[in-house]
There are 2 protein chains.
Amino acid sequence: MAETQATQTRQEQLQLLNNALDSGHLIPVRNLLEELRSADIAHLLESTPPRVRNVIWQLLDKEREGDVLQHLNDEIRQSFIEQMQPQELANALADLDTDDVVDILGDLSQNISNQVLRLLDEQNRAQIEHALSYPEDSAGGLMNIDTIMIRPRVSVEVVLRYLRIRGNMPPNTDHLYVVDSRDVLIGSVPISSILTCDPDTPITQIVDKETFTIPVEMPETEVAQIFERHDLVSAPVLDENGRLLGRITIDDVVDVIREEADHSLMSMAGLDELEDTFGKVAATAKKRAIWLGINLLTVILAALVIGLFEKTIAQVTLLAVLLPIVPSMGGIAGTQTLTLVIRGMSLGHIGEGNKGYLLKKELAVSIINGVLWALVIAALVYGYSYYKDSGINHLHLAITIGGAMLFNLVTGVVSGAVLPLFLKKINIDPAIAGGVVLTTVTDVAGFFALLGLATLFFG
Amino acid sequence: MAETQATQTRQEQLQLLNNALDSGHLIPVRNLLEELRSADIAHLLESTPPRVRNVIWQLLDKEREGDVLQHLNDEIRQSFIEQMQPQELANALADLDTDDVVDILGDLSQNISNQVLRLLDEQNRAQIEHALSYPEDSAGGLMNIDTIMIRPRVSVEVVLRYLRIRGNMPPNTDHLYVVDSRDVLIGSVPISSILTCDPDTPITQIVDKETFTIPVEMPETEVAQIFERHDLVSAPVLDENGRLLGRITIDDVVDVIREEADHSLMSMAGLDELEDTFGKVAATAKKRAIWLGINLLTVILAALVIGLFEKTIAQVTLLAVLLPIVPSMGGIAGTQTLTLVIRGMSLGHIGEGNKGYLLKKELAVSIINGVLWALVIAALVYGYSYYKDSGINHLHLAITIGGAMLFNLVTGVVSGAVLPLFLKKINIDPAIAGGVVLTTVTDVAGFFALLGLATLFFG
């Protein structure tokens, strides 16, 4: 019962590790590792800098390597696998579930993956090669083949006897699958029925034919939505002829949900969802540099727009002071809509049937807020110009910034609503590209509106 | 087997609904609703504008209201509950699990919640009042009381007989809990063992005493981490004396994971994670206005910084063109670090033991990128100034913007790393406040650095 304790003192474990490693005493570390479950070791590895990480990995019992690997995030796992010999890796993978092995092999180069495959025993290899033939992000890539199949014409008693002979059940088995002689799924029987029904009950009487089924080519995000919406623990995966190929379990679906949610969050900041929080400096700097470079291009574009109006600014330097306000507000308003739409798309809420309503609603919201904040900023700027005795027409300046504000808030919100739908249509991930494109639009439009109006009045 | 079909044609259902409602023919809608499962109806309601939503709700069979309510997101649920009489609501809630009833009642005013409670039958009421006494976001608020408890000194045979008399099992039961006479948990027995073991096996022989247990006061985010890390389907909840109070199941944990992930994503854009994608215009506009108002204050602060240097800009108007570049790059770099740290904190990766390393790593990354982009922008600005024949010292201008860039990238990244840890310490949610504070810092610091350096050279 000490498990929750272990979780609560994660930071103490890290402290202990740091101290032990600093003093060169490795025995307490080895003892700690022996006490911990594999998933906890994986979490510990994810929470430590690369130097410490390697020491922990070295101290780890060889037999536990596979189990720890399957719990690690892809990027860190990759770094350990690169240090392993194919034989060592094959040994580590031997006891894992098919779907976990597939997950790991899928990240390796074709060459190394083949070397490892050759070292696995024959039955394992055939199963894994088959599973590797499905796309990694499809139901086929998520599924396990460890289903328990039963025939319709038996009784609960017979099933119980069969299970006792079998001696164990795959993890997260909450249903047995009833199939015909060609493995076509007839339905499923909850194992709670096997436990609670009279042993003489025929299976045909308790089989649920309305069970949720997953086609093998279904994208994993759709699988996750079905599990989430219908509170499933497992679901059978079928080929196009309705034959049972395997099953998907909730533990793997939870990983999909987590990764998908992380993807939206991290992508909007230009990060990979698997980014290693404690990764190496050089690798991290390189990845970040790319995103900063893209951003530099977009902001240079915005600066060039200002450059077009340098003469106007030379006449009215107060405009320089007002420059950041309009693009910033447009960017914020647009990002709100963009985030809402990206979330709505990932939850499957938005499509052809309702995007018209959504656009109208967001447009109405942006006009209300546009008018409100245009009036507020116009009043403030009028007052500031008056107070500073700027020597220009206060009212014209107020109209300039108010008009630009209204225009840019509407532009930002409409872009935020339309962009992700458009990007998705041309197969670009809105979570990655949406924010950059949006802020470019609101920067350029904001500077154009403000300085364009100013040129009309003061140019 | 038509379930996955139903999911795939969600957009067709919406189209059908729209057409039926436009033409005033409600019979096809009613037929559609009868075919759909409650979770699908909830999803349909979440995907439609308020007007359509109300029509669907009216057409819904009264007996299904409770079941649909439990699948709806809080904000939309609230809007329906407000239209219901206490008696109607009590009827709708009567058949739901305790934790779902608690979830719904927790969102109501004390007054209405008490009215509904009084209308529930006595046993239900006592259980729910007890569950309501735990904080909503703790293990106590997540748990269900429908556990199956068994005694240690029986055999598998006895358990099987008991289960057959019981006749059913609570959903997602994967373990039976072994308790002593004072309900103190001894351990758990996987139901797969009950199925696969010889009926004569004593329970003491198959009880797992190392089972994961959840203290009733544990925050729900920690519960989610334990489930996620250890692939649990259910776990027992204990009071401080080790007595079994109930259990938490994966379906509720999945909701916690989804809400938590949504919270980070939506909060960073100043949205509530429950924001209704198809909400009413007035309510939406009001919520968004608050966030825009906060942003206006911060950007006015940045504008006032520029105002301090108006004289310098009047001398060198080219500075106005360069204004957006430095703050934008600092904001982007800072947001990357901020997002990474917020994600790391929510996964439990970051704490006292490793935040020092994290800060050093991010600092190193920011210096590398700072030097790189400082050189790039300095070269570009030198070229632009030369090409435009700006009449000022090109090298001084290049040094000004390069220096400001290096300074602001480092400032942004260090703020991105330190801010969330600091905000959390003073009990402010970093996901909500982090982004606003960060961009204020990078805007103010960026303008100060650029215009301050410029004043030194050209003032």
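For clarity, every value in this text was computed on a predicted model and none was experimentally measured.

Parameters and conventions
- Residues numbered from 1 in each chain as written.
- Chains lettered and ligands numbered in written order.
- Predicted model: local features only at pLDDT ≥ 70, side-chain atom pairs only at ≥ 80, totals over all residues.
- Heavy atoms only, no water.
- Helix = DSSP H or I, 4+ residues; strand = E, 2+ residues; numbered from the N terminus.
- Rg over C-alpha atoms; globule rule 2.2 N^0.38 Å.
- Buried < 20%, exposed > 50% of the residue type's maximum accessible area, 1.4 Å probe, protein only.
- Contact = heavy atoms within 4.5 Å.
- Areas by Shrake-Rupley, 256 points an atom, 1.4 Å probe, with all protein chains shown as cover.
- Lys, Arg positive; Asp, Glu negative; His and termini not counted.
- Charge placed at Lys NZ, Arg CZ, Asp CG, Glu CD.
- UniProt positions renumbered as here; feature names shortened; annotations may be inferred.
- Phe/Tyr/Trp six-rings, centres within 6.5 Å; stacked < 30°, edge-to-face > 60°.
- Domains from an automatic or database assignment.
- Least-squares fit on C-alpha atoms with pLDDT ≥ 70 in both.
- 1 Å grid on protein atoms, 1.4 Å probe; cavity = no way out; pocket = protein on both sides within 12 Å on 5 of 7 lines; lining within 4 Å.
- Points joined across faces, edges and corners; volume = space filled by probe spheres on them.
- Nonpolar A, V, L, I, M, F, W, Y, C, P; charged D, E, K, R; others polar.
- Buried area = accessible area lost by both parts, 1.4 Å probe.
- Salt bridge = Lys/Arg side-chain N within 4 Å of Asp/Glu carboxyl O.
- Polar contact = N/O pair within 3.5 Å; in protein donor to acceptor, adjacent residues only side chain to side chain.
- Pairing = 2+ DSSP bridges.
- Arc of directions from axis to C-beta.
- Expected span 1.5 Å × (residues − 1).
- Patch = residues over 30% accessible without salt bridge, like charges linked within 9 Å, V, L, I, M, F, W, Y side chains within 5 Å.
- Core = buried A, V, L, I, M, F, W, Y, C linked by side-chain atoms within 4.5 Å.
- pLDDT = per-residue confidence, 0-100.
- Axes fitted to C-alpha atoms, helices over the stretch in contact; angles between N-to-C directions.
- Parallel < 35°, antiparallel > 145°, perpendicular 65-115°, else oblique.
- Left-handed = near helix turned anticlockwise from the far one by under 90°.

Draft legend 1. Here's a closer look at the overall build of chain A. Scanning chain A for helices and strands turns up 24 helices and 6 strands. Against the 2.2 N^0.38 benchmark of 23 Å for 459 residues, chain A shows a C-alpha radius of gyration of 30 Å, more extended than a compact globule. With respect to the three principal axes, the spread of C-alpha positions in chain A is 95 × 65 × 45 Å. Burial statistics for chain A: of 459 residues in total, 59% are counted as buried. A separation of at least 24 residues holds for 66% of the contacts in chain A among residues at least 6 apart in sequence. As displayed, chain A has an accessible area near 18,900 Å², and 56% of this comes from carbon and sulfur atoms. Taking the average place of the 33 positive charges on the side chains of chain A and the average place of its 58 negative ones, the gap between the two points comes to 3 Å.

Draft legend 2. Quick peek at the UniProt feature "transmembrane region" (unreviewed entry) in chain A. Residues and elements named next belong to chain A. The feature "transmembrane region" (unreviewed entry), as annotated in UniProt, sits at residues 289-309, 321-342, 363-385, 397-423 and 435-458 in this numbering. Helix makes up 91% of residues 321-342 and strand 0%, and the two end C-alpha atoms of the span are 34 Å apart. Counted over residues 397-423, helix gives 100% and strand 0%. Its end C-alpha atoms are 37 Å apart.

Draft legend 3. A look at the packing of aromatic side chains. Applying the stated criterion to the full structure yields 8 aromatic pairs over all chains. Measuring from ring centre to ring centre gives 6.2 Å for Phe278(A) and Tyr357(B), while their planes differ by 35°; the resulting arrangement is tilted. Pair noted here: Phe278(A) is in the loop between α17 (250-267) and α18 (281-308) and Tyr357(B) is in helix α22 (residues 355-388), and the two residues belong to different chains. Given the relative accessible area of 0%, Phe278(A) is considered buried.

Draft legend 4. Here's a closer look at the domain arrangement of chain A. When the domains of chain A are assigned, the result is domain 1 (8-137), domain 2 (149-267) and domain 3 (281-458). Relative placement of domain 1 of chain A and domain 3 of chain A: their C-alpha centres are 46 Å apart.

Draft legend 5. Structural detail: the relation of the copies chain B and chain A. Overlaying chain B with chain A gives an RMSD of 0.0 Å, the required rotation being 180° about an axis along which the chain moves by 0.0 Å. What the rotation and shift describe, once combined, is the action of a two-fold rotation axis.

Draft legend 6. A look at the layout of surface pockets. In this model, the second largest pocket occupies a volume close to 1,300 Å³. As for the second largest pocket, its lining consists of 40 residues, and the residues nearest its centre are Thr221(A), Gln225(A), Met345(A), Ser346(A) and Lys424(A). Taken together, the elements giving at least two residues each to the lining of the second largest pocket come down to α16 (220-230), α17, α21 (325-346), α22 (355-388), α23 (394-425) and α24 (430-458) of chain A together with α1 (3-8) and α2 (10-23) of chain B. Of the residues belonging to the lining of the second largest pocket, the class tally is 15 nonpolar, 11 polar and 14 charged.

Draft legend 7. Highlighting empty space enclosed by the protein. Within the structure shown, the criterion is met by 7 cavities of 30 Å³ or more. Each pocket or cavity is described by its volume, and for the largest cavity that value is around 1,200 Å³. Along its surface, the largest cavity is lined by 44 residues, and Thr335(A), Thr439(A), Ile332(B), Thr335(B) and Thr439(B) are the ones closest to its centre. Within the residue set of the lining of the largest cavity, elements represented by two or more residues are α18, α21 and α24 of chain A together with α17 (250-268), α18 (281-308), α21 (325-346) and α24 (430-458) of chain B. Taken together, the residues of the lining of the largest cavity break down into 24 nonpolar, 18 polar and 2 charged.

Draft legend 8. Geometry of the interface of chain B and chain A. Opposite the 134 residues of chain B that make contact, chain A presents 134 residues. Carbon and sulfur atoms supply 65% of the area that chain B and chain A bury against each other, a total of about 12,100 Å² over both sides. Our count for the chain B to chain A interface comes out at 10 salt bridges. Across the pair Glu362(B) and Arg288(A) runs a salt bridge whose closest N-O atoms are separated by 2.9 Å. Between the two partners, chain B and chain A, sit 40 residue pairs in polar contact (both at pLDDT 80 or more). The element that contributes the greatest number of residues to the side of chain B that touches chain A is α18(B), accounting for 16 residues.

Draft legend 9. Spatial organisation of the sheet that holds strand β4 (residues 214-215) of chain B. Residue and element names in this part refer to chain B. A sheet is described by the order of its strands in space; here 3 strands give the open sequence β4-β5-β6, paired in mixed fashion. Here the strands that pair on one side only, and so sit at the sheet edges, are β4 and β6 (244-249). Pairing of strand β5 (residues 234-238) with β6, which is carried by 5 bridges, proceeds in the antiparallel orientation. By the bridge assignment for β6, Ser234 is matched with Thr249.

Draft legend 10. Structural context of the sheet that holds strand β2 (residues 175-179) of chain B. All names here are of chain B. In space, the 3 strands of this open sheet follow the order β1-β2-β3, with mixed pairing throughout. In the strand order of this sheet, the two ends are held by β1 (149-150) and β3 (185-190), each with one partner. Bridge count between β2 and β3: 5 bridges; the pairing is antiparallel. Across the sheet, the residue bridging to Val178 is Gly187, located in β3.

Draft legend 11. The arrangement of the pairing of β6(B) in detail. When you tally the buried positions in β6(B), you get 5 out of 6 residues, the bulk of the element. Taking the residues that link successive antiparallel strands as the turn, the β5(B)-β6(B) hairpin has 5 residues, and the phi of Gly242(B) there is positive, at about 85°.

Draft legend 12. Just helix α13 (residues 156-166) of chain B, in detail. Regarding α13(B), the residues found buried are Val156(B), Val159(B), Leu160(B) and Leu163(B). Down the axis of α13(B), the buried set is contained in an arc of 100°. They therefore lie on one face. Residues of α13(B) that are buried in the fold lie against α13 (156-166) and α14 (191-196) of chain A together with β1, β2, α14 (191-196) and α15 (203-206) of chain B. Directly beyond the C-terminal end of α13(B), a positive phi value near 85° is found at Gly167(B).

Draft legend 13. Molecular detail of α21(B). When the terminal C-alpha atoms of α21(B) are compared, their 32 Å separation across 22 residues agrees well with the 32 Å that a helix rising 1.5 Å per residue should span. Of all 22 residues in α21(B), 20 are buried; the element is thus mostly enclosed.

Draft legend 14. Region of interest: the pattern of salt bridges. All chains considered together, the criterion is met by 32 salt bridges over all chains. Close ionic contact of Arg77(A) with Asp103(A) constitutes a salt bridge, the shortest N to O distance being 3.6 Å. Of this pair, Arg77(A) sits in helix α7 (residues 74-81) while Asp103(A) sits in helix α9 (residues 98-106), and the two are 26 residues apart along the sequence. Here Glu362(A) ties to Lys361(A) by a salt bridge, and the two come within 3.2 Å at their closest N and O atoms. Connected through shared salt-bridge partners, Glu275(A), Arg288(A), Lys361(B) and Glu362(B) make up one network.

Draft legend 15. Structural context of a negative patch on the surface. Side chains of Glu34(A), Glu35(A), Asp61(A), Glu63(A), Asp67(A) and Asp95(A) sit close together on the surface and give a patch of like negative charge. On the secondary structure map, Asp67(A) appears in helix α6 (residues 65-71).

Draft legend 16. Structural detail: the nonpolar core. If you look at the biggest cluster of nonpolar residues, it comprises 78 residues, and the most contacted ones within it are Met405(A) and Met405(B). Core analysis: the next-biggest nonpolar cluster, separate from the first, contains 44 residues, Met143(A), Ile257(A), Val223(B) and Phe227(B) among them.

Draft legend 17. Main features of the environment of Gly402(B). When you line up the elements, Gly402(B) lands in helix α23 (residues 394-425). C-alpha separation for the pair Gly402(B) and Ser192(B), spaced 210 residues apart in sequence, amounts to 66 Å.

Draft legend 18. Spotlight on the confidence of the model for chain A. In this model, chain A carries a mean pLDDT of 90, and residues with pLDDT of at least 70 account for 98%. The low-confidence segment residues 1-8 of chain A (pLDDT under 50) makes 21 contacts with residues lying over four places distant or belonging to another chain.

Draft legend 19. The arrangement of the environment of Ala139(B) in detail. All names here are of chain B. Of note, Ala139 is situated in helix α12 (residues 139-142). Residue Ala139 is classed as buried on the basis of its relative accessible area of 0%. When the C-alpha atoms of Ala139 and Leu163 are compared, they prove to be 27 Å apart, with 24 residues separating the residues in sequence. If we ignore the near neighbours within four places in the chain, the residues touching Ala139 are Ile214, Pro215, Val216, Met218, Val223 and Ile248.

Draft legend 20. Region of interest: the packing of α23(A) against α24(A). Residue and element names in this part refer to chain A. Contact geometry for α23 and α24: axes closest at 8 Å, N-to-C directions at 155°. In terms of orientation, α23 lies roughly antiparallel with respect to α24. Between α23 and α24 lies a crossing of right-handed hand. For the contact of α23 with α24, the class distribution of residues is 20 nonpolar, 11 polar and 1 charged.

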